[in-house]
Structure formats: structure tokens, C-alpha cells
Amino acid sequence: MASTIVYGLCMVISWAMVLMSTNAGDPDILSDFILPANITNPEGNFFTFTGMRVVVGSNPPPNFKVTKATKAEFPALDGQSVSYAVLQFPSGGVNPPHTHPRSAELLFLVQGSLEVGVVDTTGKLYAQTLQTGDMFVFPKGLVHYQYNSNAQYPAMALSAFGSASAGTVSVPTTLFTSGISDDVLAKSLKTDVATIQKLKAGLAPPKP
């Protein structure tokens, strides 16, 4: 499994260069790199991120899990127009419909199979079932999802972004937990307020 992940990282790094040059969502910088205010004399560890070590050889998580390397977790990425994420799907795991407003996403499936889909601005769905070794690109800003429909086996994918902070806007969370009124949602979705309230209750965090 470790060798598969390493191979996958190499593939995604190569394709990330394409994303960086053709679809970067970050402004160009006028220096080699950007230092945080609290660092004046960086060493090699500034350019090193170890947060993915927990993924290598780990057991499948009970729920969908994403491990990110964006400029929030890895400050050296600031200004470099690149970031990564490892997506882990247990059997039946889903990454709900969402968008990345500042970058396209290039996904490389390193384990299992995934059902993926992206919806364009005309409302057309482009769906595909991916097998290990396949890649799929989600264009910048479009709603998309990933789903492991396999009842027995987990799946894992690596995603590259052409921004150090691609951003994620979850469709369910945005609709039902952002404070939009029940009346507006009910009219927009052509349903009733009671149904909207049930949906909101299902997305509410559990009480401690």
C-alpha cells in the first residue's frame, strides 16, 4: 500500500504542475516564497510537511475523511499555487456535493473504486465510475461529488489543486446550516417548511 501511495503522489505531482500553469487561482508573487511573520530564517523543515504520515498504512476510517495540505496546514505553500488532499472512503462513504471556488481538482484513485460526478452550469451531470489508477478532473467552481458504493472495500484518492487555498463550499451545509430561512428554502426547493426542518435537523451536529 505504501508503494501505491508513493506512486500516486508522483503522478499527482506531475499533473499538479499542469494545474499550476494553466488554472492557478492564486496571484503571482514577486519573491521566491512567502514567509510567515514569525519566521525570519527558514530551514529545510519549513518546506517539509509531515501531516500525511498518519495516512500511510492506516486503517480505513469509519466515515469519509479528508487530510489536507493547504497553506493553512503547510504555510510554505502560500504563494505557490498548489495544494493536496488525501480522501479516504470507507464502504458506502460519500464526499457530499461541493465546489472549490478557487481551483480545479485533479483526483487520482489509488485504491478501490469510486463513483464520481460533476455538474456544469447548464445542469448537465457528467458521471463516471473510476477504478484504481484512474484520474478525473473537476473543473474550477463546479459542483461535484465522490461516492464509494462498494459494500465491502474502502477507497482512497489523492487530489491536487492549483491553489494553495482552493476553498470548499459544501452544498448541503451551505443550504441547511447557514441561516437561510425555511420559507426561502421551501419555495426554492418546491417543498414545505416541515421537510426543510427535517433536513436541517439531520445535518445538525450531535448535542454533547
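Note that the structure is a prediction, hence the values are computed from the model and not measured.

1. Here we look at the UniProt feature "binding site: oxalate" (unreviewed entry) in the protein chain
So, step 1. Cross-referencing UniProt, the feature "binding site: oxalate" (unreviewed entry) maps to Asn 95, His 100 and Glu 105 in the present numbering.
So, step 2. Here Asn 95 shows up in strand β3 (residues 94–99).
So, step 3. You can call Asn 95 buried: its relative accessible area is 11%.
So, step 4. Looking at the secondary structure, you find Glu 105 in strand β4 (residues 105–111).
So, step 5. Judged by its relative accessible area of 2%, Glu 105 is buried.
So, step 6. A distance of 3.1 Å separates the side chain of Glu 105 from the side chain of His 100, its partner in a polar contact.

2. Here we look at the sheet that holds strand β10 (residues 169–170)
So, step 1. Spatially, β6-β5-β8-β3-β10 is the arrangement adopted by the 5 strands of the open sheet, whose pairing is antiparallel. Only two strands of the sheet have a single neighbouring strand rather than two, namely β6 (125–131) and β10.
So, step 2. Pairing geometry for β3 and strand β8 (residues 143–147), over 3 bridges, is antiparallel. Counted as the bridge partner of Val 94 is Tyr 147 from β8.

3. As for the environment of Phe 176
So, step 1. Checked against the element boundaries, Phe 176 lands in helix α2 (residues 171–177).
So, step 2. The class of Phe 176 is buried, set by a relative accessible area of 13%.
So, step 3. Sequence separation between Phe 176 and Ala 204 is 28 residues; the distance between their C-alpha atoms is 8.9 Å.

4. Observations regarding the pairing of β4
So, step 1. Among the 7 residues that make up β4, 6 are buried, leaving the element largely enclosed by the rest of the structure.
So, step 2. Across 4 bridges, the pairing between β4 and strand β7 (residues 135–138) is antiparallel. Paired with Leu 107 across the two strands is Phe 136, which belongs to β7.

5. Here's the deal with the nonpolar core
So, step 1. Judged by nonpolar contacts, the single largest core of 16 residues is most densely connected at Leu 107, Leu 109 and Leu 114.
So, step 2. Taken together, the elements giving at least two residues each to this core come down to β2 (83–89), β4, β5 (113–119), β7 and β9 (155–161).
So, step 3. Setting aside its immediate chain neighbours within four residues, Leu 114 contacts Phe 89, Leu 109, Gln 128, Thr 129, Leu 130, Gln 146, Tyr 147, Asn 148, Ala 155 and Ala 157.

6. With respect to the UniProt feature "binding site: Mn(2+)" (unreviewed entry) in the protein chain
So, step 1. When the UniProt feature table is mapped onto this chain numbering, "binding site: Mn(2+)" (unreviewed entry) sits at His 98, His 100, Glu 105 and His 144. Across 47 residues of sequence, these annotated residues stay compact in space, with a maximum C-alpha separation of 11.7 Å.
So, step 2. The residue His 100 is located in the loop between β3 and β4 in this model.
So, step 3. Note on His 100: relative accessible area 6%, which makes it buried.
So, step 4. Those residues in contact with His 100, other than ones at most four positions away along the chain, are Glu 105, Lys 140, Gly 141, His 144, Phe 161, Ala 166, Gly 167 and Thr 168.
So, step 5. With residues up to four places along the chain from it excluded, the contact list for Glu 105 reads Leu 87, His 98, His 100, Phe 136, Val 137, Phe 138, His 144, Gln 146, Ser 159, Ala 160 and Phe 161.
So, step 6. Engagement of the side chain of Glu 105 in a polar contact is seen with the side chain of His 144, the distance being 3.0 Å.

Procedures and definitions
Residues numbered from 1 in each chain as written. Predicted model: local features only at pLDDT ≥ 70, side-chain atom pairs only at ≥ 80, totals over all residues. Heavy atoms only, no water. UniProt positions renumbered as here; feature names shortened; annotations may be inferred. Helix = DSSP H or I, 4+ residues; strand = E, 2+ residues; numbered from the N terminus. Buried < 20%, exposed > 50% of the residue type's maximum accessible area, 1.4 Å probe, protein only. Polar contact = N/O pair within 3.5 Å; in protein donor to acceptor, adjacent residues only side chain to side chain. Pairing = 2+ DSSP bridges. Core = buried A, V, L, I, M, F, W, Y, C linked by side-chain atoms within 4.5 Å. Contact = heavy atoms within 4.5 Å.

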